[in-house]
Amino acid sequence: MAASQGQFLHAISLFLQMRSSVAPRSSVPASLPAALKSSAALGLCTLATSLHALAIRSGAFADRFTANALLNMYIKLPALHHPFRTDGPSGERGVESAALESVQKVFDDMLERDAVSWNTLILGFAENKRHQKALSMVRVMWRDGFKPDSFTLSSVLPIFAEYADINRGMVVHGFAIKNGLDNDVFIGSSLIDMYANCTRMDYSMKVFNSFSDCDTILWNAMLAGCAQNGSVEEALGIFRRMLQSGVRPVPVTFSSLIPACGNLALLPLGKQLHAYLIRAVFNDNIFISSSLIDMYCKCGNVSIARRVFNGIQSPDIVSWTAMIMGYALHGPATEAFVLFERMELGNVKPNHITFLAVLTACSHAGLVDKGWKYFSSMPDKYGIVPSLEHCAALADTLGRAGELDEAYNFISKMKIKPTSSVWSTLLRACRVHKNTILAEEVAKKIFDLEPRSMGSHVILSNMYSASGRWNEAAHLRKSMRKKGIKKEPACSWIDVKNELHVFVAHDKSHPWYDRIIDALNVYSEQMIHQGYVPNMEDVFQDIEEEQKRDVLCGHSEKLAIVFGIISTPPGTTIRVMKNLRVCVDCHTVTKFISKIAAREIVVRDVNRFHHFKDGNCSCGDFW
C-alpha cells in the first residue's frame with residue numbers, strides 16, 4: 001500500500017522490518033514487488049541487487065508479479081547489472097547495453113509472462129534507442145499470442161515520430177482504430193506527436209478533434225505540435241480553447257509556447273503568456289523561469305530577462321546559462337563574465353552549453369585572451385572535452401579579432417575534423433577584414449566538404465565584387481546557377497500590434513511603401529546634414545554611384561525600421577529581426593535614425609542583437 005501511494009522509503013522500511021522478524025517465508029512473494037518498485041524509485045542499486053538474489057533464493061521469481069517488478073527495476077536503474085552476469089561493461093554505451101541484457105535475461109528466465117512483461121521489455125528497448133529490437137519484440141509478442149494493447153502502441157509510436165516515418169505510423173494508427181484503441185489518450189497524444197514530427201499538422205488536428213473530451217495530455221500534445229511546426233498563432237488559439245474548456249494548464253504547457261514566442265521574436269505574445277503565468281502562480285517554477293529568460297533574450301529585451309533571473313531564489317545551471325547567453329548575444333560581455341564567476345561561487349558547475357555562452361561573449365567582444373582562457377579551462381579545470389561548437393566559437397573569436405592566420409592554424413590542427421560550418425566562421429571573418437587571398441583558400445576547403453554551400457558562394461562572390469574583381473564574381477555566380485544554388489533573399493520583419501510585417505529588399509508590395517520611402521528620404525536629408533556618408537562596400541553590382549545609393553535605400557532592415565517608427569507612438573522601442581548580417585551602411589544609418597527619431601531600435605541579425613540609442617550601438621561597431 002505504501003509503495004502504491006508513493007511512500008517508497010516507508011515501504012522499504014516496512015519490508016526490512018518484516019524480513020528481520022519471524023515472518024513466514026510465504027510472505028516474501030507478496031511483499032517483494034512493492035520493495036522492488038520502491039528500490040527502483042529511490043535508485044537503491046545495492047538493495048535492488050539483493051532483492052533480486054532474494055527473489056531467486058526464495059522462489060519468488062516464479063511469481064509473475066515479482067518477475068515483472070524485476071523487469072521494471074532494471075529499466076529504471078540503467079547502471080544496475082544482473083547479479084549473475086560475469087562480463088563487465090565498459091563505457092556509458094556499455095552500461096546501457098548491459099542493463100538491457102539484464103532485462104532480456106530476466107524476461108527469458110520468466111516461467112510465466114503476460115502483456116505487462118512484453119510491454120516492459122519493449123519500452124526498455126524503445127527508451128534506450130534500440131528501436132529495431134523494440135519493433136521486432138512487438139512482432140514476437142503477437143506471434144506468441146499476446147495482442148498489442150494501448151501501452152504497446154504508445155511505446156512504438158515515438159519511434160516512428162523520431163524517424164518521421166509516417167507510413168508505418170499510419171499502420172499503427174489503423175491498427176488502433178480497428179481494435180478500438182484510438183480513444184486512448186496516450187495513443188492519441190502519441191499520434192498527434194508522430195504526425196507533427198512528420199509535419200502533417202492536419203492529421204494531428206484530426207486526431208485531436210476526434211476526442212470529444214480532451215484532457216491535459218492531449219491539449220499539451222497539440223500545443224507542442226503547433227509550436228514545433230512554427231504555427232504559433234494556431235498554438236495560441238489552442239491555448240485559448242484549452243482555457244475556455246476549463247482545462248487548467250500545467251508547467252509543461254508553456255514549455256513549447258514560450259520558446260516559440262522567442263524563436264519568432266513575438267514579444268507582445270510572450271508578455272501575455274508571462275502575465276498569465278504570474279496570475280496562475282506558475283512564475284516560481286524554475287523551468288518556466290528559464291524559458292522566460294531565454295524568450296525575453298531572444299525577443300531583444302535582456303533587461304526583463306534579468307529581472308526574471310533575479311527573481312529565481314536558487315538558479316540552476318539552465319537559468320544561469322540562459323542569462324549568460326543572453327548577455328553574450330546582446331553585447332554586455334562583462335555582465336556575462338560576472339555571472340559566470342557568480343555561478344561558480346554559488347557551487348553551480350558549468351556545463352558545455354555554459355562554456356559555449358561565455359565563448360560567444362568573447363567572440364562578440366573581440367576578447368581573444370579571455371577566449372583562450374575559457375577554452376583551455378574546459379578540459380584542465382572542469383573535465384569537459386571541447387566539442388565542435390566550442391572550437392567553432394574560439395575560431396570565430398580569433399577571426400573577428402583579425403587574427404586570421406591564428407584562426408586558420410587552429411582550425412587546421414583541431415582534434416575534431418572541422419566541418420564546413422567551422423571553416424565558414426573564418427570565411428566570414430575574411431570578408432570583414434577584406435582578406436580575399438585567405439578567403440579563396442578557406443572557400444576551397446568549404447566547397448570540398450559542401451559543394452552546394454550557398455552562403456560561402458555568396459560571401460566569396462561579394463568579396464570579389466567589393467575588390468573590383470567583377471569577372472571572378474560573375475564566374476562564381478554563373479557556377480552557382482549551374483549548381484542550382486539560389487541566394488537567400490535578405491528580409492526583415494517587425495511585429496506591430498500583433499501583426500507581423502515582412503520586408504524584402506526593394507519590395508514595393510507593402511501598402512505603406514510610399515510613406516516609408518518618403519519618411520526615409522526625410523531622415524536621409526537630416527543624416528547628411530549631420531555628417532552621414534553612404535557606405536558602398538556592401539553594394540556588389542558594377543553600377544554608378546547614384547544607383548548604389550538607391551540600392552542601399554532599399555535594404556530590408558531600413559524599410560522595417562522606418563515602418564516601425566511611422567506606425568507606432570513616439571518613444572516606442574522598435575524591434576526588427578533580419579535573416580542575414582546587418583550591413584555596414586544600415587548599421588550606420590540606424591545609429592543616425594535612433595538619434596534623430598529619439599527611439600531605441602533593437603535589431604537582431606543572424607549573429608547577434610544590436611541596441612541602437614542616441615546614435616550609438618551596443619556592439620561598439622564590432623560585429
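Everything numeric here is computed off the predicted structure, so don't read it as measured data. Numbering of residues begins from 1 in every chain and follows the order in which that chain's sequence is written. Confidence filtering applies because this is a predicted model: local features only for residues at pLDDT of at least 70, side-chain atom pairs given and counted only at 80 or more, and all residues used for totals across whole chains, interfaces and linings. Only heavy atoms go into the side-chain values, all of them from the structure, while hydrogens and water stay out.

**A few points about the overall build of the protein chain**
What counts, and what does not: Counting from the N terminus, the helices are the DSSP runs of H or I reaching at least four residues and the strands are the DSSP runs of E reaching at least two. Only protein chains enter the area calculation, which uses a 1.4 Å probe; residues under 20% of their type maximum are buried, those over 50% are exposed, and those in between are partly exposed. Any pair of residues with heavy atoms lying within 4.5 Å of one another is described as a contacting pair. All accessible-area figures derive from a Shrake-Rupley calculation using a 1.4 Å probe, and residue coverage is judged against the displayed protein chains alone. Just so you know, the count uses Lys and Arg for positive and Asp and Glu for negative, and it drops His and the chain ends. A charge is said to be at NZ when it belongs to Lys, at CZ for Arg, at CG for Asp and at CD for Glu.
Regarding its fold elements, the protein chain presents 31 helices and six strands. Counting all 623 residues of the protein chain, 50% fall into the buried class. Restricting to contacts in the protein chain with at least 6 residues of sequence separation, those with at least 24 account for 63%. As displayed, the protein chain has an accessible area near 29600 Å², and 54% of this comes from carbon and sulfur atoms. Looking at charge distribution, the protein chain has the averaged site of its 66 positive side-chain charges lying 2 Å from that of its 60 negative ones.

**Things to note about the pairing of strand 2 (residues 499–504)**
For clarity, the threshold we go by: Strand pairing requires that DSSP identify at least two bridges connecting the strands.
Of the pairings in the sheet, the one linking strand 1 (residues 491–496) to strand 2 comprises six bridges and is antiparallel in character. Its bridge partner lying in strand 2, D495 is registered against L500. The turn linking strand 1 back onto strand 2 is made up of two residues, and K497 within it adopts a positive phi angle of 55 degrees.

**Quick word on the UniProt feature "repeat: PPR" (unreviewed entry) in the protein chain**
Worth spelling out the cut-off: UniProt positions are given in the numbering used here, feature names are shortened, and annotations may be inferred rather than shown by experiment.
As recorded in UniProt, the feature "repeat: PPR" (unreviewed entry) lies at residues 114–148, 215–249 and 316–350. End C-alpha to end C-alpha, residues 215–249 measures 10 Å, and it is 74% helix and 0% strand. For the annotated span residues 316–350, helix accounts for 77% and strand for 0% of the residues, and the straight-line distance between the end C-alpha atoms is 10 Å.

**What to know about the environment of M170**
Along the chain, M170 turns up in helix 9 (residues 166–178). As a C-alpha pair, M170 and Y408 span 238 residues in sequence and 50 Å in three-dimensional space. Those residues in contact with M170 that lie beyond four places of it in its chain are M194, Y195 and Y203.

**Describing the layout of surface pockets**
Taking a probe equal in size to a water molecule and rolling it over the atoms shows the remaining empty space. Rules: Of the two site types, the cavity is a set of points on a 1 Å grid over the protein atoms alone where a 1.4 Å probe fits but cannot get out, and the pocket is an open set with protein on both sides within 12 Å along at least five of seven lines, each lined by residues with an atom within 4 Å of a point. Grid points are joined across faces, edges and corners, and a volume is the space filled by probe spheres set on the points.
Put simply, the second largest pocket is a space of about 430 Å³. If you trace the second largest pocket, you find 19 residues lining it, with L356, T360, A392, A393 and D396 closest to the centre. Contributing elements (two or more residues each) for the lining of the second largest pocket: helix 18 (317–330), helix 20 (352–365), helix 22 (388–400) and helix 24 (420–432). Broken down by element, the residue count for the lining of the second largest pocket peaks at six residues, all from helix 22.

**Some details on the sheet that holds strand 2**
Spatially, the six strands line up as an open sheet ordered 2-1-3-4-5-6, and their pairing is mixed. Both outer strands of the open sheet, strand 2 and strand 6 (616–617), are each paired with one neighbouring strand and no more.

**Things to note about the pairing of strand 5 (residues 609–613)**
Among the five residues of strand 5, four are classified as buried, and the element is accordingly described as predominantly covered. Here strand 4 (residues 601–604) pairs with strand 5 via four bridges, running antiparallel. Residue pairing in the sheet places V602 in a bridge with H611 of strand 5. As defined by bridge partners, strand 5 adjoins strand 6 across two bridges and the pair is classed as antiparallel. Among the inter-strand pairings, F612 is bridged to a residue of strand 6, identified as C617. From the end of strand 5 to the start of strand 6, which pair antiparallel, there are two residues, and D614 there has a positive phi angle of about 55 degrees.

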